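Below are the chains, spelled out letter by letter.
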Amino acid sequence: MATRPTHAEIHLDRLRHNLRCVRTLVGDHVAIMAIVKANAYGHGGVLCAQTFVEEGVEWLGVALPEEGVALRKAGIDTPILCLGGFWAGQEGLVLDFGLTPAISRVEQLDRLDAAAASRKITAAIHLKFDTGMGRLGLPLQTADAVFARLASCRHLEPSGLMTHIASADMPECDAFTRTQIAAFDDLVALAEMRGIRPPLLHLANGASLHAFPEARGNLVRPGAILYGLRRDILSPAGPELDVRPVMRFVTSIVHIKTV
């Protein structure tokens, strides 16, 4: 029996619609970093990135430098942030393909600074601090030491300061979310006291940009909501957001039998 294999259909009109929903929610004064990590959550990294660029996103976000390289080789020149930073030995890859790493470990500063110095360039970085997520990020208590270390890195430019909100989709965790936001605000103030004023301040993923307007900073990082995912993403306490599933699975019935 000949059958049509299961396949996925990607609806780019819905992808564009979802991005426009986010743009309307956050306003034109807040830049958008569309997250296309993990092959755009299985939707096709290059295809989705190209669509987002056509729609005018200011940044793209990937997990690994290799993902950023794939986008560059596809002709995409939009700024790309590597959310997971880079492994030791990937400094040249990051610099040669014009990627911006999120720095979560102090030793990454020295490695990237040395690689940039050898190329006689200045490399942009985003400093990522852990305000309570417990995942990647520099410990808050080391902020002063990190800023001092950065001052000695003559070939690095801190163009962003960031953190990640852990539980914005859960109203029962609102107090904890506000604690994270307050910690980030204190971090920004400390950075300014030390003469570090990154132009981009960002802490909001899809859940937090939806439920906490005060967390939007001047750049937001929507991920799963761009692809129409809602459960465990959007807080029931937030405003209605008309995001639509971008992927549809199609198959054929192989056999029906009464037993």
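Here the structure is a predicted model, which means the values were calculated and not measured.

K.L.:
Explain the overall build of the protein to me, please; I cannot follow it from the model alone.
P.N.:
From N to C terminus, the protein includes nine helices and twelve strands. Computed over C-alpha atoms, the radius of gyration of the protein comes to 20 Å, within 12% of the 18 Å expected from 2.2 N^0.38 for 259 residues, which places it in the range of a compact globule. Structurally, the protein occupies a C-alpha span of about 75 × 45 × 40 Å along its principal axes. Counting the 259 residues in the protein, one finds 48% classified as buried. Within the protein, contacts between residues separated by at least 24 positions form 64% of all contacts whose residues are at least 6 apart in sequence. Looking at the protein as shown, the accessible area adds up to about 12,400 Å², and 55% of this sits on carbon and sulfur atoms. With 26 positive and 27 negative side-chain charges, the protein shows a spacing of 5 Å between the two charge centroids.

K.L.:
Just to check I follow, could you spell out unusual backbone geometry for this structure?
P.N.:
Negative phi is the rule for most residues except glycine; trans is the rule for most peptide bonds. Its identity is not glycine, yet A38 carries a phi of approximately 55°, on the positive side. Here A38 lies in helix α2 (residues 37–42). At K120, a position not held by glycine, the phi torsion is positive, near 60°. Its place among the elements puts K120 in the loop between α6 (106–119) and β6 (123–130).

K.L.:
Whenever I open this one, the packing of helix α1 (residues 12–26) against helix α3 (residues 45–54) confuses me. Can you help?
P.N.:
Relative orientation and spacing of two packed helices are given, respectively, by the angle between their axes and the distance between those axes. Where α1 meets α3, the closest approach of the two axes is 10 Å, and the angle between their N-to-C directions is 50°. Between α1 and α3, the crossing angle belongs to the class labelled oblique. Where α1 crosses over α3, the two elements pack in a sense that is right-handed. Of the residues in α3, those touching α1 at L12, L15, R16 and L19 are L47, C48, T51, F52 and E54. Classifying every residue of the contact of α1 with α3 by side-chain character gives six nonpolar, one polar and two charged.

K.L.:
How do you make sense of the packing of aromatic side chains when you look at a structure like this?
P.N.:
Geometry of an aromatic ring pair is reported as the spacing of the ring centres plus the angle between the planes. Inspection of every chain in the model, using the stated rule, returns three aromatic pairs. For the pair Y41 and Y227, a centre-to-centre distance of 5.1 Å together with 45° between the ring planes defines the contact as tilted. Taken as a pair, Y41 in helix α2 and Y227 in the loop between β11 (219–221) and β12 (247–250) lie far apart in primary sequence, 186 residues in all. Its relative accessible area of 2% is what places Y227 among the buried residues.

K.L.:
Is there a simple way to explain the side chain of S167 in this structure?
P.N.:
Its location among the elements puts S167 in the loop between β8 (156–162) and α8 (174–193). You can call S167 buried: its relative accessible area is 14%. Discounting chain neighbours no more than four positions away, the residues touching S167 are C173 and T177.

K.L.:
When you look at the packing of helix α7 (residues 143–151) against α8 in this model, what are you seeing that I'm missing?
P.N.:
Contact geometry of α7 with α8 gives a least axis separation of 11 Å together with a crossing angle of 40°. Classified by the angle between their axes, α7 and α8 sit oblique to one another. Crossing geometry of α7 relative to α8 is assigned as right-handed. Along the contact surface, α7 presents A143, D144 and F147, while α8 presents L187, L190 and A191. For the contact of α7 with α8, the per-class residue count stands at five nonpolar, no polar and one charged.

K.L.:
Would you explain the state of the cysteines in this entry?
P.N.:
Every disulfide links exactly two cysteines, by a covalent bond between their sulfur atoms. Scanning the model with the defined rule gives zero disulfides in all. The closest cysteine sulfur to the non-disulfide-bonded C21 is located on C48, 16 Å from its own sulfur.

K.L.:
How should the nonpolar core be read in this particular structure?
P.N.:
Most often, soluble globular proteins have nonpolar side chains that are buried together. If you look at the biggest cluster of nonpolar residues, it comprises 66 residues, and the most contacted ones within it are V36, F52, L60, L109, L127 and F129. The residues touching L60, leaving out its near neighbours within four places in the chain, are M33, A34, V36, A49, F52, V53, L71, I76, T78, P79, I80 and L81. Core analysis: the second largest hydrophobic core is formed by ten residues, I35, L81, A102 and M162 among them.

Conventions we followed
- Residues numbered from 1 in each chain as written.
- Predicted model: local features only at pLDDT ≥ 70, side-chain atom pairs only at ≥ 80, totals over all residues.
- Heavy atoms only, no water.
- Helix = DSSP H or I, 4+ residues; strand = E, 2+ residues; numbered from the N terminus.
- Rg over C-alpha atoms; globule rule 2.2 N^0.38 Å.
- Buried < 20%, exposed > 50% of the residue type's maximum accessible area, 1.4 Å probe, protein only.
- Contact = heavy atoms within 4.5 Å.
- Areas by Shrake-Rupley, 256 points an atom, 1.4 Å probe, with all protein chains shown as cover.
- Lys, Arg positive; Asp, Glu negative; His and termini not counted.
- Charge placed at Lys NZ, Arg CZ, Asp CG, Glu CD.
- Axes fitted to C-alpha atoms, helices over the stretch in contact; angles between N-to-C directions.
- Parallel < 35°, antiparallel > 145°, perpendicular 65-115°, else oblique.
- Left-handed = near helix turned anticlockwise from the far one by under 90°.
- Nonpolar A, V, L, I, M, F, W, Y, C, P; charged D, E, K, R; others polar.
- Phe/Tyr/Trp six-rings, centres within 6.5 Å; stacked < 30°, edge-to-face > 60°.
- Disulfide = S-S within 2.5 Å.
- Core = buried A, V, L, I, M, F, W, Y, C linked by side-chain atoms within 4.5 Å.

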